[in-house]
Amino acid sequence: MSSKSAPPPLPEPLGVQVADSHTHLDMQDGTVEEALARAAAVGVTTVVQVGCDLKGSRWAAETAAAHREVHAAVALHPNEAPRIVLGDPDGWSRQGARQAGGDAALDDALAEIDRLAALDEVKAVGETGLDYFRTGPEGMAAQERSFRAHVEIAKRHDKALVIHDRDAHADVLRILAEEGAPERTVFHCYSGDAEMAQVCAAAGYFMSFAGNVTFKNAQPLRDALAVAPAELVLVETDAPFLTPAPYRGRPNAPYLIPVTLRAMAEVRGVDEDTMAAAIAANTARAFGY
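Residues numbered from 1 in each chain as written. Predicted model: local features only at pLDDT ≥ 70, side-chain atom pairs only at ≥ 80, totals over all residues. Heavy atoms only, no water.

Caption draft 1: Structural view of the pairing of strand β4 (residues 122-131). Burial within β4 is extensive, with nine of its 10 residues counted as buried. As paired strands, β4 and strand β5 (residues 160-166) are joined by six bridges and run parallel to one another. When the sheet's bridge partners are listed, A124 is paired in β5 with A160. A crossover links β4 with its parallel partner β5, the connecting element being helix α5 (residues 140-156), and its sense is right-handed. (Buried < 20%, exposed > 50% of the residue type's maximum accessible area, 1.4 Å probe, protein only. Helix = DSSP H or I, 4+ residues; strand = E, 2+ residues; numbered from the N terminus. Pairing = 2+ DSSP bridges. Right-handed = clockwise from strand over helix to strand, strands pointing away.)

Written out as C-alpha cells, the structure is:
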C-alpha cells in the first residue's frame, strides 16, 4: 500500500471521551467492530452512523441496534431525491443506473424513512437538505420536496435533524425558517462563514465541524468556529471523506477525530480537554442519548 492510500496512524488518545457526530461506517474498509475498537482506543467512544439512501438507512438502524456505541440517522441524501424521481442513467452513485420513478417513488421512499425514524436506535433524521453542487436546476424541486418532508418527519418523531448544505446556504436557512426547524438541528460538515455561524447561533442550530476545518484554504471555516457558541459546536469525520491535515487524501475514520478536535481547540484558544468535554455534552444533547 502506498503511503498515499494507507490509513493514517492512530493519534494520541484524548483525555476526555468524545463522539463522532457523523460517519459512514458502511463506506469504510474493515468491520464495524474494528472501526469502533480503533476509535475507542483514542477516546472516541460514540459514533452517529448516517444513512444516505434506503439501503444505507436500514443498515444504520440495524448497526445501531447491534452496537450500543452506535446511534443511527436515517434519510434520503439531497442528491438521492432527484435520482429517485428523475432516474440516474449514468449511475455515478454507488447504486448504479436507475429508472425514473416520479413523485410516487419518492413518496414510497419517504414512507420507509418515516418508519425507520420511529425506531429507538434512530436518533436523527438526516442527512437531508440541499446540494447545488451535484444537482442542477432540474433536480431542485425533488430535493426541496424531500427536505421539507424530512423536516416534518424529524419533528413528528422528536428526532434531531441533520442538515447537508452544499452551495445552498440561503435556501437551506429559508426552508428551515418556513417549515419551523426541529428543536435539535445540526449543520453537518458546517460549510458557512462567520456571518452564517451567527445566524445559526441565533436560531440555536448546532454546527458540526469536519476535517476540512484543518485545510489551508479553510480560513472562513476557522473564523466561523471562532465565533460559534461553545454549547453549539460538534465534531465529526464524515468518514471516509474529509480526512484532516496532514492526512488529506487518505481514508478517514472515526479514530481520527482527535486530530480535528485538537485543531479546533487551537482555533478557539482552549485546551483539548475543555474542548472535548463541551463537544461530548453537546453531541449527547443534540442527538438525545
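Once the structure has been displayed, the description carries forward.
Caption draft 2: Representation of the packing of aromatic side chains within the structure. If you walk through the whole model with that rule in mind, you get two aromatic pairs. Between F187 and Y205, the aromatic rings sit 5.7 Å apart at their centres with planes inclined by 35°, giving tilted as the arrangement. Note that F187 is positioned in strand β6 (residues 185-187) and Y205 in the loop between α7 (194-203) and β7 (206-209), a separation of 18 residues in sequence. Classification of Y205 as buried rests on a relative accessible area of 9%. Note on Y190 and F209: the rings are 5.4 Å apart at their centroids and 45° apart in plane angle, and the pair reads as tilted. (Phe/Tyr/Trp six-rings, centres within 6.5 Å; stacked < 30°, edge-to-face > 60°.)

Caption draft 3: Layout of the sheet that holds β6. The sheet built from eight strands is open, its strands ordered β1-β2-β3-β4-β5-β6-β7-β8 with parallel pairing. Every other strand in the sheet has two partners, leaving β1 (18-23) and β8 (233-235) as the edge strands with one partner each. Neighbour-to-neighbour, the strand axes of this sheet turn through a mean angle of 30°, independent of strand direction. Relative to β4, strand β3 (residues 70-74) is paired through three bridges, and the arrangement is parallel. In the sheet register, V74 faces β4, and the bridge partner there is V125. (Axes fitted to C-alpha atoms, helices over the stretch in contact; angles between N-to-C directions.)

Caption draft 4: Representation of the nonpolar core. The biggest cluster of nonpolar side chains holds 70 residues, and the ones touching the most others in it are F147, L176, F187, Y190 and M264. Considering every element that reaches this core, the biggest residue donor is helix α4 (residues 102-117), with six residues. Beyond its immediate stretch of four places on either side in the chain, F147 contacts T128, G129, L130, L161, I163, V172, I175 and L176. Grouped together as the second largest cluster of nonpolar side chains are 12 residues, V48, L232, A286 and F287 included. (Core = buried A, V, L, I, M, F, W, Y, C linked by side-chain atoms within 4.5 Å. Contact = heavy atoms within 4.5 Å.)

Caption draft 5: Main features of the side chain of H67. When you line up the elements, H67 lands in the loop between α2 (54-66) and β3. With residues up to four places along the chain from it excluded, the contact list for H67 reads V32, E33 and L36.

Caption draft 6: Spatial organisation of the side chain of T243. Within the secondary structure layout, T243 lies in the loop between β8 and α9 (257-268). Polar contacts involving the side chain of T243 include one to the main-chain amide nitrogen of N252, which spans 3.2 Å. Aside from chain neighbours lying at most four places away, what touches T243 is P8, F215, R248, G249, R250, P251, N252 and L256. (Polar contact = N/O pair within 3.5 Å; in protein donor to acceptor, adjacent residues only side chain to side chain.)

Caption draft 7: Structural detail: the pairing of β5. Among the seven residues in β5, six count as buried, and that is most of the element. Pairing of β5 with β6 involves three bridges; the strand directions are parallel. Looking at β6, one finds that V162 is bridged to V186. Chirality of the crossover, the property in question, places the unit of β5, helix α6 (residues 169-179) and β6 among those that are right-handed.

Caption draft 8: Broad picture of α4. With 16 residues, α4 ought to run about 22 Å at 1.5 Å a step, and its terminal C-alpha atoms sit 23 Å apart, in line with that. Considered for burial, the residues of α4 that qualify are L106, A109, L110, E112, I113, L116 and A117. The buried residues of α4 occupy one face: seen down the axis, they fall within an arc of 155°. Set apart from the buried face of α4 by more than 90 degrees, the exposed residues are A104 and D108. (Expected span 1.5 Å × (residues − 1). Arc of directions from axis to C-beta.)

Caption draft 9: Focus on the packing of helix α8 (residues 219-227) against α9. At a minimum axis separation of 9 Å, α8 and α9 run at an interaxial angle of 70°. Put simply, α8 runs roughly perpendicular to α9. With respect to the hand of their crossing, α8 and α9 are arranged in right-handed fashion. Residues R222, L225 and A226 of α8 form the contact with α9, whose own contacting residues are M264, V267 and R268. Here the residues of the contact of α8 with α9 are counted per class, giving four nonpolar, no polar and two charged. (Parallel < 35°, antiparallel > 145°, perpendicular 65-115°, else oblique. Left-handed = near helix turned anticlockwise from the far one by under 90°. Nonpolar A, V, L, I, M, F, W, Y, C, P; charged D, E, K, R; others polar.)

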